[in-house]
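Geometric and topological summary
Each chain is listed here by its residues.
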Amino acid sequence: MISAELIADHNLSEEEYSRILEILGREPNLVELGVFSAMWSEHCSYKSSRLHLRNLPTQGPRVIQGPGENAGIVDIGDGLAVAFKMESHNHPSYIEPYQGAATGVGGILRDVFTMGARPIGSLDSLRFGRLDAPRMRHLVDGVVRGIAGYGNCIGIPTVGGETTFHPGYDSNILVNVMNVGLVEKDRIFRGRAEGTGNPVVYAGSKTGRDGIHGATMASEEFVGDETRQKRPTVQVGDPFTEKLLMEACLELFRTDAVVGIQDMGAAGLTSSSFEMAGRAGSGLEIDLSKVPVRETGMTPYEILLSESQERMLLVARRDRLESVMEVFAKWDLAAVEIGRVTDSGRVVFFFEGRIVADLPAAPLSDRAPLYDRPRVPPRTIGSMGWERLPEPDDYGGCLRAILASPNVAEKSWIWTQYDHMVGTNTVERPGGDAALLRIKGSRKAIAVKSDVNPWFCACDPYRGAAIAVAEAARSIAATGARPLGVTDCLNFGSPERPEIMGQFEAAVRGLSDACRVLSIPVVSGNVSFYNETDGRPIPPTPTVGMVGLIDDVSRRVSVPFRSEGDVVGLLGSNRDELGASEFLRRIHGRDEGPCPEVDLDAERRLVELLARLASKGLLSSAHDVSDGGLAVALAECAMKGTAGAEISLEETIRPSALLFGETTGRVVITFAAGDEGAIREASAAEQVPFRAVGTVRGTRLSIRVSGGRLLVDEDVASLQEIWTTSFESAIAAADVL
Amino acid sequence: MSDKPLFAIIVFPGSNCDQDCYHVATELVGCRAEYVWHRDTDLKDADVVILPGGFAYGDYLRAGALARFSPVMESITRFAMDGGPVLGICNGFQVLLEAGLLPGAVRVNRGLRYVCKDVHMRVENSSTVFTRLYEPGDVVRMPVGHMEGNYTAPPETLTELEYQGGIVFRYCDAEGRVTDSANPNGATAGIAGISNRGGNVVGLMPHPDRCAEGVLGNEVGRRMFESAAMALAGR
């Protein structure tokens, strides 16, 4: 007998329970209730977000696989394609940072290699609270070690990502992990249980009691000290087993033995079996007594809902089962035939000879609840009077202070803990605008980037999301690549609050509009709601992961100033904007808006122009202007290179906004003096504002404005010292607390 | 049979750089290469054996501690005893240490963190099979990527290494000075790589396989592979 209490314990509403009764025409048993609870959790069913996600553009001439599979896939030519996806592991990482982050890496890798792709690079997009917030140093350290521990051991390079510190994440950090894999177009695998009579094989780690109801937990908010009691719902990662599993699967994919395959991720065996049957319109019979278990006495309920890591469910061709088993045996992995494909349209689970659950496959996803949750237009944050602030006396001092901010400072402390070179494809290492991975056996390389600015999104979720897309595209184009596709990871508070749903709707609209204008399809993604603790939601954080392609890797462009005497040029327009800038926060302690404007058409033309200039070999360097503004971008070009620059900006806007405003749509380029005409012409053709603003020269960075007034004149080596040591010092200082 | 030298790339469960080494040996050095699974004992008449980087057995016990019991290790030991060229890179070096083919041991980095970055090394011995294409005193830049690279050995072993040319590479700064700040892991005497007495077995923590072609911005590591290939061609 299913009590109201039991229903509530499973996080199901009364209405959802009535729907279950309607689908089944009877009362579910406890096992079945658990299955519904997991499948209809926000995490698995996207019940609050689906309605809005439908508006995202998912089509494009290069799209091979859009949303709905383990990962999206985009064609890169020559018979090759890239599979990629980003996912969150926020809640587990806040409870137990090392394992939470590690298993986040493991999960996204499985999503990619189950498509038949060999993972070639990961990115991690991390949002922490203030370094002096309780537990924060422990969280930063644990998350970084967890990503390193898993990624390094399995041998997939972590090549990019970003890390920011915002008080809105003090008690709810975000760990978004993205992976990109390479796959031959005609050897793509999908999660489909096809071919009646074909065997269902369970492979990988044994099933334990860890992670039961992890998906449900990810669909609740944290209250008070509860987080620590939830530790058992965090899974433990075993990268060595995953390495074996990955190699075994990739070896199997070179044969014709596998029909369909899916990772047992969130909601474990439950979601993999229902989704595989659902996609193929087939049914499954699975004997849970055959599932390898880690502990004795595990019940069917526990086996079905366990989220033990490093497990795969695959459907093999009946006549090739033996060769499948041989490959798993070679890699010392447990593999067991646990069931078969049927044409019943039902998923039936047996345990010790009796049926313990018998549910229709399709309705669990087709008839999953879909909510048009109430929403109110999101509050936007405008200026609170920064226009009236006096101009600083010492612009050089401001630059130094911003370079020392944890948000702007170089973070090699993080990425030197990650193996970012294994695989020998990393042409552009972490710390550039986007990482570049060459494709062996071709002249091509792919560019990968993740991006979002939480301050922008807090001020205006629509614009913040659109800027995340524009900024990622600009960063990719600054390497000479053209954007190909987007994966998103949408992190928000509770969807049951109308203001959060308003933020979500606006952000998705911002993503959609930007992706449409820039013609970049969204091919995969993930939604993480309930990112709040004690009723305090995080800032809306729609993380964008983007992949681009450069046809000739020798035409790539990078950040550092290269040659003395090169001309420094600025593409795009400066505006009198300081809202949501690092300058206001760091120098004036003011967190206020408005979010900078974004002109998507102009961004599209800028991206096109950059790709064109790079392909003609006209650029010595290029760097997107973002956090910290133009002065920081110029300083970065100088600090990463071997030369300074003399810059002169003829502008009438206030100098602080010119130097430190985070106006979008700008890129700093350098080029040989003889090419200025060609660049001017190409910019005019694309209607992108262009002006020469200085020369690469000497060992100092000097910036003059109208009337020849010298605002900044700093020794590059001293700036570099600040920029490269501040983050580690900040971490070390937090350690003392 | 082709006269191009054959590299055997040993694959332990958890090897990660096997494909990287294969790529260098075949595509960049123009030799032949075969993967040899750790359970096999046949080295396929290889001319050179490479133990690649990675995390054999997950490094769960201690780096290389389990891999040394793999069946292939007996064949490798015989091959090395007969003077065959054996190169252990990173985890492969750790396996050679655990197997006793090279003396000493590595501990966890003194920073207690994994470290992945470019370092400089000074070539101390350019007469081993793998370093003939360098000059003594050459300063080479190579990437490291490891958690346990802090080399150590008993004083008598260190003395022996020192006097018999067993120290092949030492961490140094860009000018070739062996300094503490240039040492990424705390290794004794800045030792980055060593060899056996015959100079045919070499192990090092940095990755020559990760700096063997122009597109990666550094080709200096290729010479270690070429050096072994050349030695064989000249037989």
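For the structure, see preceding data.
Conventions adopted
Residues numbered from 1 in each chain as written. Chains lettered and ligands numbered in written order. Predicted model: local features only at pLDDT ≥ 70, side-chain atom pairs only at ≥ 80, totals over all residues. Heavy atoms only, no water. Helix = DSSP H or I, 4+ residues; strand = E, 2+ residues; numbered from the N terminus. Polar contact = N/O pair within 3.5 Å; in protein donor to acceptor, adjacent residues only side chain to side chain. Contact = heavy atoms within 4.5 Å. Phe/Tyr/Trp six-rings, centres within 6.5 Å; stacked < 30°, edge-to-face > 60°. Buried < 20%, exposed > 50% of the residue type's maximum accessible area, 1.4 Å probe, protein only. Buried area = accessible area lost by both parts, 1.4 Å probe. Salt bridge = Lys/Arg side-chain N within 4 Å of Asp/Glu carboxyl O. Nonpolar A, V, L, I, M, F, W, Y, C, P; charged D, E, K, R; others polar. Pairing = 2+ DSSP bridges. Axes fitted to C-alpha atoms, helices over the stretch in contact; angles between N-to-C directions.

Notes on the side chain of Glu603 of chain A
Residues and elements named next belong to chain A. Turning to its location among the elements, Glu603 is positioned in helix H22 (residues 600-615). At 2.9 Å, the side chain of Glu603 and the side chain of Arg474 are in polar contact. Those residues within four positions of Glu603 in sequence are excluded, and the remaining contacts are Ala470, Arg474, Leu518, Val598, Thr664 and Gly665.

Focus on the packing of aromatic side chains
The tally for this structure, following the rule as stated, stands at 17 aromatic pairs over all chains. Ring geometry for Phe189 of chain A against Phe253 of chain A: centres 4.3 Å apart, planes inclined by 25 degrees, an arrangement best described as stacked. Of this pair, Phe189 of chain A sits in the loop between strand S6 (174-184) and strand S7 (199-204) while Phe253 of chain A sits in helix H11 (residues 239-253), placing them 64 residues apart in sequence. Phe253 of chain A carries the same exposure label as Phe189 of chain A, and that label is buried. The interplanar angle of 40 degrees and the centroid separation of 6.0 Å between the aromatic rings of Phe240 of chain A and Tyr57 of chain B together place this pair among those described as tilted.

A closer look at the interface of chain A and chain B
Taken residue by residue, the interface counts 35 residues in chain A and 28 residues in chain B. In total, chain A and chain B occlude about 2600 Å² of area from one another, counting both sides; carbon and sulfur atoms represent 53% of this. Interface area lost by chain A to chain B is led by Phe240, Met421 and Thr424 of chain A, which between them contribute 20%. Taken together, chain A and chain B are joined by five salt bridges. One salt bridge connects Arg429 of chain A with Asp118 of chain B, and the closest N-O pair in it is separated by 3.1 Å. Taken together, the connections running from chain A to chain B amount to 18 residue pairs in polar contact (both at pLDDT 80 or more). The residue makeup of the side of chain A that touches chain B, split by class, is 13 nonpolar, nine polar and 13 charged.

Describing the sheet that holds S6 of chain A
All names here are of chain A. Here we have six strands laid out as an open sheet, ordered S1-S2-S3-S6-S4-S5, and mixed in their pairing. Edge positions in the open sheet fall to strand S1 (63-65) and strand S5 (158-165), since each of these has one partner strand only. Averaged over neighbouring strand pairs, the angle between their axes works out to 20 degrees when direction is ignored. Set on the sheet, helix H7 (residues 97-113) makes contact with strand S3 (80-88), strand S4 (118-128) and S6; between it and S6 the angle comes to about 25 degrees. Contacting S4, S5 and S6, helix H8 (residues 136-154) runs over the sheet at an angle of about 175 degrees to S4.

A closer look at the environment of Glu184 of chain A
Residues and elements named next belong to chain A. Structurally, Glu184 can be placed in strand S6. Separated by 424 residues in sequence, Glu184 and Glu608 place their C-alpha atoms 28 Å apart. Once residues within four sequence positions are removed from consideration, Glu184 is found in contact with Gly79 and Leu80.

Structural notes on the pattern of salt bridges
Summed over the entire model, instances satisfying the criterion amount to 68 salt bridges over all chains. The shortest N-O distance in the salt bridge between Arg340 of chain A and Glu285 of chain A comes to 3.4 Å. Here the residue Arg340 of chain A occupies a position in strand S11 (residues 335-342), and Glu285 of chain A occupies one in strand S9 (residues 283-287), the gap between them amounting to 55 residues. Classification of Arg340 of chain A by relative accessible area gives partly exposed; the value is 35%. Bridged by salt links that share partners, the residues Arg137, Asp141 and Arg145 of chain A together with Arg113 of chain B form one connected network.

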